[in-house]
Amino acid sequence: MIFSSLISLKPVNNRKKFLSAIVLVFLSTLSYAQSSVDPASIKDKMQWFADAKLGIFIHEGIYAVNGIDESWSFHNKKITYADYMKQLQGFTLKKYDPEYWADLIKESGARYAVITTKHHDGVTMYDSQVDNLNIVKSTPAHRDMIKPLFDALRERNIKCGAYFSLIDWSNRYYPGFLKDSSRYNVHDDYDRWNKFRAFFQSQIKEINQKFKPDLWWFDGDWEHSAEEWESAKVRDIILTGNKNAIINGRLQGYGDYETPEQNFPVSRPAFNWWELCMTANNNWGYHPDDTNWKTPYEVITIFTDAVSNGGNLLLDIGPRADGSIPDEDVYLLKELGAWNKRNGDAIFNTIAGIPQGHFYGPTTLSKDSTVLYLFLQGDISGSVTLKGLQNKIKDITVLGIGTHLSYNIVGKISWSKVPGLVYIDVPKGVQDKYVTALKVSLDGPVRLYNGKGGL
C-alpha cells in the first residue's frame, strides 16, 4: 500500500530527502483524482459496485511468516532482501481453508472480496507461468491460493477482486529496488524497461485468463507515468478479456473509481464511485505484535460514514502464513455481519444520504428516495432533530426490532413554506449496541428546504 512507506519513515536529517518523500506521496494521491475514463461509459458495469457497499481485503503473502511489513520491510531496510526472501521457506498454508474464508466473508455481509495476487516483492500467490517466484513452485505450500477462493466466493454470489502490484522490486528488469538505490533509469535503458512491461503485462493477461477477476485493484502506479506503465494498454488488455471488469483508480488516470487509504476523507472524493480501504488494526498483513485492533463500533461508524457519502468500505484482514485467520479478525467480521443483518436495509442497495446540516449524523436514502435512513452512533436516547424536511412523514421505525417511534414538528407556521423542525423521540431500550438505524418513510421522494427561513 502507498502510505506504508511514509509510516515507516524514521526522522531524517536530510531535509531534501524528506521533502521529496512528501512530494512523491502528494503527487501520487493527486494522480488518482484525474481520470481519463468517461463516467457515463462505465455507469452500467459500476452498478453492482455502487450497490455492494462492503468488501473484504485480504493481504496474504510470505511477509506473514515473520509478521513484518509487506515488501516495504526490505525496501526500507528493516530487513535485508535476502532475509526477507528466506520467508518463502516458511510459507505453508497448511491451515488454508478457502471455504471457511468465503463463509466468513459472506457472514460479514460483504458483497465482494479482494486478495493479493502479487505484492511489491514480486511473489505471486498462484502458479505463474511467467516466472518461478510463486508460492506453488517456491514455497512448501505448493498450492494456488487464488482459484479455490474465487470458486468458493462465487458459489456464495460474492464478486472477486485481484490486487496486483505494478511495482516488482524482485524483477531484475524493474528499475526500482531499495529505498535509496535503483538498478537503472528508465529513460537511459528503455529496452530493459520494455522487457519489464512485457513481463508484468503477461502476468495481467495470465490472471485475467485464469481467474477472470470482477475487479482489479492495482497498486504502485506512483513510481511511473501512464505512458511508462502503458496504462491505456493495460486497461485494454483487461477489458478485452472481460468487458465488465472494474478497475480501481491506481492506474495513473485509467481506473474507474477512487480508493482513499486508511484515513477517512472529510469531503467526498471527486470520482463518481469510491471506496475507503482500511485495515482492521494498523497493518495490512499479519503482524503478531500489532494489538491495536479497531473495535466493531469504530468500524461500523466509519462504514456508515462512507456509505452516507456514497462510498464503500474495503476492510482488510491479514491471515497468518499457515492460512489461519487471527481471532480478532474473525470477531470483527462476525460482529460487522451481525450488525448488517439487523440494519442492512439502510446500507445495501441505497444511495448517498441528505446533505450535512439537515441531520447531525450519517444518512442514506432508498434508490427512489422515498425512505430516509438515519444513523445514531452510540447509546443515544431522547430527541434527535431533522431539519428542512418538506415531506410528510408516513412512519418512523427502528431497524432490526421494528419499534415505531413518535415525532413532533416544532416551528411550522401555517402561512410559511419553511418546514418546521422534526424532533424524533428515541426512547431507551431500542438502541443497537453499536449504531442504531432509523427508517423514516416519506410521502414521496425526499424534498429539502435549504433557504434562510423567515419571510
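Since the structure is predicted, the reported quantities are computational estimates derived from the model, not experimental observations.

Analysis parameters
Residues numbered from 1 in each chain as written. Predicted model: local features only at pLDDT ≥ 70, side-chain atom pairs only at ≥ 80, totals over all residues. Heavy atoms only, no water. Buried < 20%, exposed > 50% of the residue type's maximum accessible area, 1.4 Å probe, protein only. Helix = DSSP H or I, 4+ residues; strand = E, 2+ residues; numbered from the N terminus. Arc of directions from axis to C-beta. Contact = heavy atoms within 4.5 Å. Pairing = 2+ DSSP bridges. Axes fitted to C-alpha atoms, helices over the stretch in contact; angles between N-to-C directions. pLDDT = per-residue confidence, 0-100. Parallel < 35°, antiparallel > 145°, perpendicular 65-115°, else oblique. Salt bridge = Lys/Arg side-chain N within 4 Å of Asp/Glu carboxyl O.

Caption draft 1: Geometry of helix H9 (residues 146-155). Burial in H9 covers these residues: Ile-146, Leu-149, Phe-150, Ala-152 and Leu-153. In a view along the axis of H9, the buried residues occupy a sector of 165 degrees, so they form one face of it. For H9, the secondary structure elements touched by its buried residues are strand E1 (54-58), helix H7 (98-108), strand E2 (112-118), strand E3 (159-165) and helix H10 (190-211). Backbone geometry just downstream of H9 places Asn-157 in the positive-phi region, at approximately 60 degrees.

Caption draft 2: Structural view of the sheet that holds strand E12 (residues 393-398). Here five strands make up an open sheet; going across it, the order is E8-E9-E10-E15-E12 and the pairing antiparallel. Each of the sheet's edge strands pairs with one partner strand only, and the pair in question is strand E8 (350-352) and E12. Averaged over all neighbouring strand pairs, the angle between strand axes comes to 30 degrees, with direction disregarded. Here E12 runs beside strand E15 (residues 435-442); their pairing, made up of five bridges, is antiparallel. Looking at E15, one finds that Asp-395 is bridged to Ser-441. Docked against the sheet, helix H13 (residues 296-308) engages E8, strand E9 (363-366), strand E10 (371-377) and E15, running at close to 150 degrees with respect to E10.

Caption draft 3: Region of the structure containing the confidence of the model for the chain. The predicted model of the chain has a mean per-residue pLDDT of 92, with 92% of residues at 70 or higher. Here residues 2-33 is modelled with pLDDT under 50, and outside its nearest four sequence neighbours on either side it reaches 36 contacts, counting other chains as well.

Caption draft 4: Structural detail: helix H12 (residues 231-241). Of the residues making up H12, those classed as buried are Ser-231, Val-234, Arg-235, Ile-237 and Ile-238. Seen end-on, H12 carries its buried residues on one side only, within an arc spanning 155 degrees.

Caption draft 5: Region of interest: the packing of H7 against helix H14 (residues 327-343). For the pair H7 and H14, interaxial distance at closest approach is 7 Å and the crossing angle is 40 degrees. Taken together, the axis directions place H7 and H14 in an arrangement best described as oblique. Counting all contacts with H7, which are made through Tyr-100, Leu-104, Glu-107 and Ser-108, the residues of H14 involved are Val-330, Leu-333, Lys-334, Leu-336, Gly-337 and Asn-340.

Caption draft 6: Main features of the pattern of salt bridges. Throughout the structure, instances matching the rule amount to 22 salt bridges. A salt bridge links Lys-367 to Asp-51, with the nearest nitrogen and oxygen atoms 3.0 Å apart. One end of the pair, Lys-367, is in the loop between E9 and E10; the other, Asp-51, is in helix H4 (residues 47-52), with 316 residues separating them in the sequence. By relative accessible area, Lys-367 is classed as partly exposed at 45%. Through salt bridges with shared partners, a single ionic network connects Glu-99, Asp-103, Glu-155 and Arg-156.

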